[in-house]
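Listed here are the chains, written in short residue letters.
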Amino acid sequence: MRLRSSFLVIAVIFAVHSFSQAGTPKIEFSERNWDFGRTPQQSTVSHIFWIKNVGTDTLKGISARVP
Amino acid sequence: MKKTELAIGDSTELEISYSTGAAQTPETKPVTVSSSDTVSGFNRLEITADVKPKPDTLLDIGYAPYSLEFKERKKGKFEEMKVEFTSKGQKEYRFKVIDYPRGFFEAKLNQETLMPGKMVELKVKPVKTLPAGTVKKSITLQVSGENEFRITIPVKTEGS
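A brief look at the structure comes next.

1. What about the interface of chain A and chain B?
Right, so step 1: Residue-level contacts link 41 residues of chain A with 62 residues of chain B.
Right, so step 2: The contact between chain A and chain B buries some 5000 Å² in all, and 55% of this surface belongs to carbon and sulfur atoms.
Right, so step 3: Summed over the shared surface of chain A and chain B, the result is 37 residue pairs in polar contact (both at pLDDT 80 or more).
Right, so step 4: Put simply, the parts of the chain that give the side of chain A that touches chain B at least two residues each are strand 1 (27-29), strand 2 (33-40), strand 3 (44-53) and strand 4 (63-65) of chain A.
Right, so step 5: Here the side of chain A that touches chain B gets ten residues from one element, more than from any other, and that element is strand 3 of chain A.
Right, so step 6: Sheet topology places strand 2 of chain A next to strand 3 (residues 44-52) of chain B; seven bridges connect them, and they run parallel. Residue Asp35(A) lies in a different strand from strand 3 of chain B, and its bridge partner there is Thr48(B).

2. Details of the sheet that holds strand 7 (residues 81-87) of chain B
All names here are of chain B.
Right, so step 1: Taken in spatial order, the four strands line up as 4-7-11-9 in an open sheet, and their pairing is antiparallel. Among the strands making up the open sheet, the edge pair consists of strand 4 (61-64) and strand 9 (105-109). Strand-to-strand twist across the sheet, computed as the mean angle between neighbouring axes with direction ignored, equals 15°.
Right, so step 2: In terms of strand pairing, strand 9 meets strand 11 (residues 119-126) through five bridges, oriented antiparallel. In the strand pairing of strand 11, Leu109 is matched with Leu122.

3. Section: the packing of aromatic side chains
Right, so step 1: Counted by the stated rule, this structure contains five aromatic pairs over all chains.
Right, so step 2: Geometrically, the ring pair formed by Tyr63(B) and Phe85(B) is stacked, given 5.5 Å between the ring centres and 25° between the ring planes. In this pair, Tyr63(B) sits in strand 4 while Phe85(B) sits in strand 7, placing the two residues 22 residues apart along the sequence. A single burial state applies to Tyr63(B) and to Phe85(B), both of which are buried.
Right, so step 3: Between Phe85(B) and Phe95(B) the ring centres are 5.0 Å apart and the planes differ by 55°, which places this aromatic pair in the tilted class. Pair noted here: Phe85(B) is in strand 7 and Phe95(B) is in strand 8 (residues 93-99), with a separation of ten residues, a long-range link.
Right, so step 4: One aromatic cluster is present, built from ring pairs that chain together Tyr63(B), Tyr66(B), Phe85(B) and Phe95(B).
Right, so step 5: A cation over an aromatic ring shows up here: Arg150(B) above the ring of Trp34(A), its NZ or CZ 4.7 Å from the ring centre.

Here is what the cut-offs are and how they apply
- Residues numbered from 1 in each chain as written.
- Chains lettered and ligands numbered in written order.
- Predicted model: local features only at pLDDT ≥ 70, side-chain atom pairs only at ≥ 80, totals over all residues.
- Heavy atoms only, no water.
- Contact = heavy atoms within 4.5 Å.
- Buried area = accessible area lost by both parts, 1.4 Å probe.
- Polar contact = N/O pair within 3.5 Å; in protein donor to acceptor, adjacent residues only side chain to side chain.
- Helix = DSSP H or I, 4+ residues; strand = E, 2+ residues; numbered from the N terminus.
- Pairing = 2+ DSSP bridges.
- Axes fitted to C-alpha atoms, helices over the stretch in contact; angles between N-to-C directions.
- Phe/Tyr/Trp six-rings, centres within 6.5 Å; stacked < 30°, edge-to-face > 60°.
- Buried < 20%, exposed > 50% of the residue type's maximum accessible area, 1.4 Å probe, protein only.
- Lys NZ or Arg CZ within 6 Å of the ring centre and 35° of its normal.

Now the structure itself:
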């Protein structure tokens, strides 16, 4: 019984340790909003936001949508 | 978007284009960004534009043209164009180019202070390595003085 409990404790510690080492991606933006200010009608304007992965694993499947 | 996957510490650009259409009011558009980051929770960006009919008569600064359209003189050769900002009031303003499409255009002010009754020029020139086809970008200026506001000038080229 005591041996089984010891195995269980070791298994839990191992699982927690493995999870903490797996790493997580974290997205960071250069800014969260951009104001064009006074902009003429019937025109197209653009701005570049920078995205950085500041996490501890690869950031995947990045896509953007403007509704 | 140039990359859809980023290694640890890597970065990429996300270009958002916005067509103003016939709007006549301040417009805010949300941009939803999806990725494998499920921890941050934040995935929303915003762009805002104070869309104005031409001419923009509410300012004590007149400017023209409202947008720049470059015509190709020879293959890959474009003339420099300029926007003139003219004071119509008694206030002094400072101008600063805060955003322009690096790698596509060069944008320079001939001076940063607009004195009453005077003029400031924004000179814009496409770079030599401009890609073929239609390029639509914009230049944003911060104007400071008694009032603080921004002005965005759309720029477009048609190259062969």
